[in-house]
Amino acid sequence: AFCAEEERRVRANDREYNERFQYASNCIMTSKYNIITFLPVNLFEQFQEVANTYFLFLLILQLIPQISSLSWFTTIVPLALVLSITAVKDATDDYFRHRSDNQVNNRRSQVLMRGSLQNEKWMNVRVGDIIKLENNQFVAADLLLLSSSEPHGLCYTSRPPIDYVCFRVMFFFLCEGEVVCEPPNNKLDRFRGTLYWRDKKYTLTNQNMLLRGCVLRNTESCFGLVIFAGPDTKLMQNSGRTKFKRTSIDRLMNTLVRWIFGFLVCMGVILALGNAVWEREVGSLFQRYLPWEPPVDNFLFSAFFSFWSYVIILNTVVPISLYVSVEVIRLGHSYFINWDQKMFCSLCSTAAEARTTTLNEELGQVEYVFSDKTGTLTQNIMSFNKCSINGQTYGKVLIHDSESTLDFTQFNPLADPDFSFYDEKLLEAVKVGDSHTHEFFRLLSLCHTVMSEEKSEGELLYKAQSPDEGALVTAARNFGFVFRSRTPRTITTTEMGRTVTYSLLAILDFNNIRKRMSVIVRNPEGKIRLYCKGADTVLLERLHPSNQELMAVTSDHLNDYAADGLRTLALAYKDLSEDDWEEWSESHSNAEKSTDYREDRLASAYEQIEQEMMLLGATAIEDKLQEGVPETIAVLSLANIKIWVLTGDKQETAVNIGYSCKMLTDDMTEVFIISGHTVHSVRQELRSACSSFYILRSFREMSLTSSFCQAHALEADMEVEFVSTACACKAVICCRVTPLQKAQVVELIKKHKKAVTLAIGDGANDVCMIKSAHIGVGISGQEGIQAVLASDYSFSQFRFLQRLLLVHGRWSYLRMCRFLCYFFYKNFAFTMVHFWFGFFCGFSAQTVYDQYFITLYNIVYTSLPVLAMGIFDQDVPDQRSLEYPKLYEPGQLNLLFNKKEFFICIAQGIYTSLVLFFVPYAVLSDATQSTGVPLADYQTFAVTTATALVIVVSVQIALDTGFWTIFNHVFVWGSLGTYFTIMIALNSQTVFRIFPNQFHFVGSSQNTLMQPVVWLTIALATAICIVPVLAFRFLKLDLRPQLSDTVRKTHQWCFKTYRTVKAVPRTGLPQTLTLSRRSGYAFAHQEGFGELITSGKNMRLSSLALASFASRHSTSWIETLRRKKNTPTPPSTENASHCNHTKIVMEHDN
């Protein structure tokens, strides 16, 4: 073992030196097994499961002749089958990991070795190697950029790990030198190191690094020095295992299985005590005929062996195939999600994807949805909509489709033909040479980090770090200020047809704390100017005092834009003298070269220069809602799913978000905003809102530090008040929240409400929230794929969420619950017969059934029908699930499978076992064949009981199945046929001749099944088992129907009526039948808004004409249970009525 690496030393092209430190190679391995280790490692992992270890223990017991009355294969066959299926699944998964690893490891790179470039596999690259990359190649390892083919030393990359396009500045072409840097870590946005070269020292930062996983773009070639390789790269350091998520049903199943273990032990103890009493009182009387077998020499020893024998016999009460059956069902549900054409987006050719198979039924129990805004609720496709310049507002919303957009091509041949703007006043101001307007667009053309690619004259392609920047630069382009190209020290533009090159003196980059960016440029006349754009909350407070009047007017415009749901930025500039620039440049240079607290020193330098600026105006960008967002939120709300929007936008926009998404509606009487600046004020506002059960939440940040400041409302001593107040409301919108605070809000609900949560987002800033929630959903959109990679499910449009939850989630929960209820029922019905038989066989651990029947019962006779039900069953069609969202509520209340339902299933199974044992026992004890031979023999009783069992459980699953497919028919009736075929075959002359020592009862099954009294006994037992179930279900359907029963009955009636109407000849007036369908909605919204790079947005909308859902007699019982569930914090009657008119918005004021 080696000590933790404290620093890394790397010499270029010196493998002998670098290998002394034993740095990791560039070979990656995400697979778990190889050919040699697969079997032992996989078996070790599988026997970590308590159930598998338990059955292995039983198998060992069965090898002891004095204990077991069953052959060892009755346990080893099911156990081997379960282990084999799991092993095949694990091997398949690992095979794909191996294939992916080999594909990556065998990629080729050009490595500088012995003075020439040689093609080497990635796996053979070592720390200290110099690599040449060419355009569109993947970066093989974390490289220090040494040289670029670009004229000014630029290097462009796309960076999947952090979702943006960036550039790297040229450093040195290095063949000798040493790098001393930080050890491997997972911080994607930070690198600290020093280059020692030719007796000089140079500071290295993240801007000098190319990270593994990037793709070289728009650069012919570059050279880099390998600093971190393989598992040490930042990409691999960030690919740690995601926290394993378990469903509530999984946790309940584990509890129930432990209870069953306890029940099994109790039965074993009871039967062992019975054996002790019987052996002492009765067995001792005929020891001459039935002596104890060694080493048993007394009744207590006999009871001890009897206990373990019955543990073996009754082990089927703990279903060995339960877990593998659950995994097969979940896999089927995942495929249904992947194959759903109604969740396929044709525009981006993206299908829904279930990235996990363990959470499907949890989708049917969601109570809280936490959603990002930009790119999730909105399209994240920005368009320049309005602006304010020197107190004058420009821009108008398109009212009529016939209204034509401005034609920029005659005024500007470099204009983007796809750009749309509808206010000719702004174009006129540019044409007449208004100085403020020109300076406004000059700022937009200079203050950014956009890359420009010009393949032919005038054909420009912008690659922006964020859609906002792309929209702003495109707007400047169309209004005559065209960004053409950049170098590390210059920016070239075309201003009103004239090419102008500015010297780029400094870039003061954006981050989430600064919420602004600036550039300092020198124009051709030698004048130095700082241009700044950023959030109004941080920029307006840095203006010169002479801007007060203009700031008041611009603030009004900003508020108007925010009310329209637009994303806003404020713009300002500052003239600098040569002395000012020289003085600041020196302090900035010192901060850049600093090795200690470099980020803090840079922030201080930026803060120093960004003061006393002159206000230019503001921009407003539209980010439209995605298709179907208001309808989706409205439908989910009707399903009693509470939706919280967590956004970085400010309060004014948040209110508009609520209205546009139908979270807030006009019939809600009041919106409460909590925006205290101290702990005391926030607490008072929360209590005031809670007292009336109205709430619009907003919380204040304590400080701005790098350790993610927490809002007052999320503090430990206030979180209970916050949660109780927020959860009393119908709508919650959190504003100004950081990625960490999004995750904290989710954790609070998980902690205090014990409800299933779902988080949905599309960007890297949503990853924390997605991983914190029970279920994470990633939107594959404009902000990269990191949210998708961290998610459990992914699709391309927010509107697909309602189908994921209300259809697939509800069906998965329903199917899994029905599967579990039936599975426990059939196993108890099967196993408990042995328990009753123990009282009639002297507690001798003799089995009722043939040992082959015991082996095949769970893996052949009853496995496929229950799997078919668990995979294909449904109570109502998918369209009805969407039309009646109230159908979703039983899953939220966990009504279909809980401890009560489990005991009901167990009780039914025990009742069935009583009937299956005592009815044949009573009938056959006095029955005779037609020849007068008695039927009261062991084999006749065993065949009769086994046949009745198979028929009863088959009829029961036929009753439980609500949706019949060809698979259900084949599996149910096929399993019955398989049972009779195998039973007759095992008792045939042919099998006896082959295995004379194994199959003794030749022809017994045929002889038994030829007796009419046997079939009458089977029919009687089946009727006694099934008729009470039928009677109960008919009474329940008539007296207390569930909503699903009502919907199904209505659907069947509509279908029959439709067929009848269709068959009637058109002799009279035309007849029409309107089936229940969700009506379509015309959606006209206002626009979107937010701050640069941070997320946020929503708009306003008219009321949805949603159909009222029939919940009268069928949902009152659900409401009663829901009220009981919420009794820990009951609102008053008056306040409870107010809850229907409440909304909540949260603001985190940065």
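Keep in mind that what you see is a predicted model, and the values were worked out from it rather than measured.

A. Region of the structure containing the overall build of the chain. In terms of regular secondary structure, the chain is built from 36 helices and 34 strands. Each of the 1150 residues in the chain was classed as buried or not, and the buried ones make up 55%. The contacts in the chain between residues at least 6 apart in sequence include a share of 74% that link residues at least 24 apart. Carbon and sulfur atoms make up 57% of the accessible area of the chain, which totals about 50200 Å².

B. Structural detail: the sheet that holds strand β1 (residues 8-11). Across the sheet, 4 strands lie side by side as β1-β8-β9-β10; this open sheet has antiparallel pairing. Every interior strand has two partners, whereas the edge strands, β1 and β10 (200-204), have only one. Strand after strand, the sheet turns through a mean of 20 degrees between neighbouring axes, direction not considered. Where β1 and strand β8 (residues 178-181) come together, 4 bridges link them in antiparallel fashion. Within β8, the position partnered with R9 by the bridge is V180.

C. Inspection of the sheet that holds strand β24 (residues 528-534) at higher detail. The 9 strands lie next to each other as β17-β16-β26-β25-β24-β23-β22-β21-β20, forming an open sheet whose pairing is antiparallel. On the outer flanks of this sheet lie β17 (392-394) and β20 (481-486), each paired with one strand and no other. Neighbour-to-neighbour, the strand axes of this sheet turn through a mean angle of 30 degrees, independent of strand direction. Note that β20 and strand β21 (residues 490-495) share 5 bridges and pair antiparallel. Note that in β21 the partner of S485 across the bridge is T492. Against the sheet, helix α10 (residues 435-446) engages β16 (378-389), β20, β21, β22 (498-508), β23 (516-522), β24, β25 (567-576) and β26 (614-625), with an angle of about 60 degrees to β26.

D. Summary view of the nonpolar core. Within the largest apolar cluster, 100 residues are counted, with the highest numbers of intra-cluster contacts made by L820 and F853. In terms of residue count, helix α23 (residues 800-838) provides more of this core than any other element does, 18 residues in total. F853 has contacts with F830, Y861, A946, L949, V950 and Y979, leaving out every residue within four places of it along the chain. Membership of the second largest hydrophobic core comes to 47 residues, among which are F384, A475, A476 and F483.

E. Focus on the packing of helix α6 (residues 248-281) against helix α7 (residues 299-313). Orientation of α6 relative to α7, taken along the N-to-C sense of each, is 145 degrees, at an axis distance of 8 Å. α6 and α7 meet at a crossing whose hand is right-handed. Each of L264, V265, G268, V269, L271, A272, N275, A276, E279 and R280 in α6 lies in contact with α7, whose residues at this interface are F299, S302, A303, S306, F307, Y310 and V311. For the contact of α6 with α7, the residue count by class is 11 nonpolar, 4 polar and 2 charged.

F. Representation of the pattern of salt bridges. Counting across every chain of the model gives 36 salt bridges. Where D232 meets R8, a salt bridge forms, and the shortest distance between an N and an O atom there is 3.1 Å. Pair noted here: D232 is in the loop between β13 (221-228) and α5 (234-237) and R8 is in strand β1, with a separation of 224 residues, a long-range link. We note that D232, like R8, is buried.

G. Seen up close, empty space enclosed by the protein. The full count for this structure, using the stated rule, is 3 cavities of 30 Å³ or more. Computed from the structure, the second largest cavity encloses a volume of approximately 40 Å³. If you go around the second largest cavity, the residues you meet are H333, F336, I337, H808, W811, S812 and R815. At the level of elements, α8 (322-339) and α23 are the ones that each hand at least two residues to the lining of the second largest cavity. Of all the elements, α23 adds the most residues to the lining of the second largest cavity, at 4 residues. Each residue belonging to the lining of the second largest cavity can be placed in one class, and the counts come to 3 nonpolar, 3 polar and 1 charged.

H. Helix α9 (residues 424-431), seen in detail. For α9, the set of buried residues is L426, L427, A429 and V430. Axial view of α9: buried residues confined to an arc of 155 degrees, hence all on one face. Looking at the buried positions of α9, the neighbouring elements they touch are β16, β17 and α10. Between the side-chain oxygen of the N-cap and the backbone nitrogen of K425 there are 3.0 Å, and the N-cap of α9 in question is D423. G433, located one to two residues past α9, shows a positive phi value of around 85 degrees.

I. A look at the confidence of the model for the chain. Residues with a pLDDT of 70 or more make up 81% of the chain, whose mean pLDDT is 80. Ignoring residues within four places in sequence, the model shows residues 694-713, a span with pLDDT below 50, making 90 contacts including any to other chains. For the stretch residues 1065-1117, pLDDT sits under 50, and the model shows 182 contacts to residues farther than four places along the chain or on other chains.

J. Structural view of helix α15 (residues 598-609). Compared with an ideal rise of 1.5 Å per residue, which puts 12 residues at 16 Å, α15 spans 17 Å between its outermost C-alpha atoms and is within 8% of the ideal. Of all the residues in α15, the buried ones are R598, L602, A605, Y606 and I609. Buried residues of α15, viewed axially, fall in a sector of 100 degrees; they line one side. Looking at the packing, one finds that the buried side of α15 touches β22, β23, β24, β25 and α14 (578-593).

K. A look at the side chain of S881. Along the chain, S881 turns up in helix α26 (residues 878-883). Setting aside residues no more than four positions away along its own chain, S881 makes contact with L806, V807, R810, W811, V876 and L887.

L. Molecular detail of the pairing of strand β27 (residues 642-646). Burial of β27 is extensive: 5 of the 5 residues sit out of reach of the surface. The two faces of β27 match: K642, W644 and L646 on one face and I643 and V645 on the other face are all buried. Note that strand β15 (residues 366-371) and β27 share 4 bridges and pair parallel. Among the inter-strand pairings, F370 is bridged to a residue of β27, identified as W644.

M. Representation of the packing of aromatic side chains within the structure. Per the counting criterion, the structure on display carries 59 aromatic pairs. Ring centres of F408 and F479 lie 5.1 Å apart, and the angle between their planes is 80 degrees; this geometry places the pair in the edge-to-face category. With F408 in the loop between β17 and α9 and F479 in the loop between α11 (467-478) and β20, this residue pair connects regions lying 71 residues apart in the sequence. Ring centres of F819 and F823 lie 5.2 Å apart, and the angle between their planes is 50 degrees; on these two criteria the pair is classed as tilted.

N. The arrangement of the environment of S445 in detail. Mapped onto the elements of the fold, S445 is located in helix α10. Along the sequence, S445 and E469 sit 24 residues apart, while their C-alpha atoms lie 9.9 Å from each other. Setting aside anything within four residues of it in sequence, one finds S445 in contact with A476, F481, F483, I491 and T493. Separated by 2.8 Å, the side chain of S445 and the backbone oxygen of R442 make a polar contact.

O. Structural view of unusual backbone geometry. With a phi angle near 55 degrees, N13 is a residue other than glycine that sits in the positive phi range. Mapped onto the fold, N13 is located in the loop between β1 and α1 (15-18). On the basis of relative accessible area, N13 is assigned to the partly exposed category, the value being 38%. The phi dihedral of S349 falls on the positive side, at around 50 degrees, and the residue is not glycine. Examined against the element boundaries, S349 turns out to sit in the loop between α8 and β14 (353-354). Classification of S349 as exposed rests on a relative accessible area of 56%.

P. Expanded view of a nonpolar patch on the surface. Among the surface-exposed residues, I270, F839, F840, L914, F918 and Y921 lie close enough to one another that they form a single nonpolar patch of about 520 Å² accessible area. Top contributing element to the nonpolar patch by residue count: helix α28 (residues 899-924), with 3 residues. Summarising the element assignment, F840 is placed in the loop between α23 and α24 (851-861).

Procedures and definitions
Residues numbered from 1 in each chain as written. Predicted model: local features only at pLDDT ≥ 70, side-chain atom pairs only at ≥ 80, totals over all residues. Heavy atoms only, no water. Helix = DSSP H or I, 4+ residues; strand = E, 2+ residues; numbered from the N terminus. Buried < 20%, exposed > 50% of the residue type's maximum accessible area, 1.4 Å probe, protein only. Contact = heavy atoms within 4.5 Å. Areas by Shrake-Rupley, 256 points an atom, 1.4 Å probe, with all protein chains shown as cover. Pairing = 2+ DSSP bridges. Axes fitted to C-alpha atoms, helices over the stretch in contact; angles between N-to-C directions. Core = buried A, V, L, I, M, F, W, Y, C linked by side-chain atoms within 4.5 Å. Left-handed = near helix turned anticlockwise from the far one by under 90°. Nonpolar A, V, L, I, M, F, W, Y, C, P; charged D, E, K, R; others polar. Salt bridge = Lys/Arg side-chain N within 4 Å of Asp/Glu carboxyl O. 1 Å grid on protein atoms, 1.4 Å probe; cavity = no way out; pocket = protein on both sides within 12 Å on 5 of 7 lines; lining within 4 Å. Points joined across faces, edges and corners; volume = space filled by probe spheres on them. Arc of directions from axis to C-beta. Polar contact = N/O pair within 3.5 Å; in protein donor to acceptor, adjacent residues only side chain to side chain. pLDDT = per-residue confidence, 0-100. Expected span 1.5 Å × (residues − 1). Phe/Tyr/Trp six-rings, centres within 6.5 Å; stacked < 30°, edge-to-face > 60°. Patch = residues over 30% accessible without salt bridge, like charges linked within 9 Å, V, L, I, M, F, W, Y side chains within 5 Å.

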